[in-house]
Amino acid sequence: MWESIFAHEWPWWVGGPALGLFIVLYTWVYNRLVGMSSTMENALAEWKAPLLPKAEPAVSMDEAVLAFAREQGIDPASLGIDVATLTAPSATVKQPLEFNPRLVLAGVFLGAVVAALLQGKALSFGLGPAFDGLFPLGTAGQAGVLLGGGFLIGFGARMAGGCPSGHALGGLSVLSPASLVAILGYFASGISLTLLLRWVVA
Amino acid sequence: MKNVLINIGMGMLFGFIVAKAGVADFGHVSGMFALTDFHMYGVIGTAVPIGALGLILLRGKRGLNGRTLPPPKKASHPGNFPGGLLFGIGWALTGACPGTSIVQLGSGYWGAAITIVGAGLGILAYRRVHKKYFSWQLDSCG
């Protein structure tokens, strides 16, 4: 059991369902779709802000609507507000969970480190034999490929409105047409370029 | 404190699963594009229906932060396809998307640090280009 979970890569029929369940958990926790390129963008945008903002008395959307309804003399229930749960003593002291992009990204790194340590992976510059085979360019050349490719994934993901974690895992799960179009884009250029590179190298 | 633990914990779970599922592996990504390796198709092909089913079951329920689930669909805009094309080139070159580049680094491939720097530059560059030339509304999530 230990061996098959921690020592080897998971087969697709384990990794896929695990990711699928993670999508659901993530949405339940944050009420947002999984997506790492926007998480990265938010992390960059907040770079200089304090990592842990001071807690302030939190007013949820529902509470704001409730206050508005009372002010205007409207029945809160007609606006879809559940007064009983909102005004319960436990609800008022509860701090809503804040999505914190920098902490999530730090976690992603740590999770991968844990997986690598348990698997006993060694450090290396290149991305493995398949990468070295496709780009037999030496360290400087490979660094150039990674910098240029990295730029394109950042630029392209924001232009497309998401990266594979956002469009394929998040967007397809809610059947977004935008995601299908973006994914067609990824594969159109990815397949063409890979086949071209393999033909050139061979 | 609970906030910090949940955020780091969710990140770690994602990083761990992505690493173990092999979707940050250059060989699998390249093989997916060369149509010689089924692994990535199997992972995405099982993750998406399970995720979709779960999100359907969550519909109308309250999430951890008390708001009703699930969030809105992603908005369509003219950048979806051209952005996807540019992204695909980068994905084929680095075997990574913004999330998996961090997983590659954590997995001990330290060249991925360069990919991450590149991705950061690309994200910042796009923000400038977008402000200057494009008018569509950017998605807040994804």
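Residues numbered from 1 in each chain as written. Chains lettered and ligands numbered in written order. Predicted model: local features only at pLDDT ≥ 70, side-chain atom pairs only at ≥ 80, totals over all residues.

Q: Any chance you could break down the overall build of chain A for me, citing the residues and the numbers?
A: From N to C terminus, chain A includes 11 helices and zero strands. Secondary structure of chain A in N-to-C order comes out as α-α-α-α-α-α-α-α-α-α-α. Taking 2.2 N^0.38 as the reference for a compact globule, 202 residues should give roughly 17 Å; the C-alpha atoms of chain A span a radius of gyration of 23 Å, well beyond that estimate. For chain A, the residues scored as buried account for 41% of the 202 residues in total. In chain A, the share of contacts with a sequence separation of at least 24, taken over all contacts with a separation of at least 6, comes to 56%. (Helix = DSSP H or I, 4+ residues; strand = E, 2+ residues; numbered from the N terminus. Rg over C-alpha atoms; globule rule 2.2 N^0.38 Å. Buried ≥ 20, exposed ≤ 12 C-beta atoms within 10 Å, placed from the backbone. Contact = placed C-beta atoms within 7 Å.)

Q: Provide a residue-level description of the interface of chain B and chain A, including the pertinent values.
A: Of the residues lining the interface, 98 residues belong to chain B; the matching set on chain A comes to 111 residues. Mapped by element, the contributors of at least two residues to the side of chain B that touches chain A are helix 1 (2-21), helix 2 (26-33), helix 3 (39-58), helix 4 (80-94), helix 5 (98-106) and helix 6 (112-133) of chain B. By residue number, the principal contributor to the side of chain B that touches chain A is helix 1 of chain B, which donates 17 residues. For the side of chain B that touches chain A, the residue count by class is 54 nonpolar, 39 polar and five charged. (Nonpolar A, V, L, I, M, F, W, Y, C, P; charged D, E, K, R; others polar.)

Q: Break down the confidence of the model for chain B for me, with residues and values.
A: All names here are of chain B. Of the residues in chain B, 94% reach a pLDDT of 70 or more, and the chain-wide mean stands at 90. The secondary-structure element of chain B with the lowest mean pLDDT is helix 3, recorded at 92, while helix 2 shows the highest, at 96. For this predicted complex, the interface confidence reaches an ipTM of 0.92, while the overall pTM sits at 0.84. (pLDDT = per-residue confidence, 0-100.)

Q: I'd like a description of the environment of B:Leu64, backed by residues and values.
A: Structurally, B:Leu64 can be placed in the loop between helix 3 and helix 4. It is 26 Å that separates the C-alpha atoms of B:Leu64 and B:Val103, two residues lying 39 residues apart in sequence. Once you skip the residues sitting within four places of it in the chain, B:Leu64 turns out to touch A:Trp28, A:Val29 and A:Leu97.

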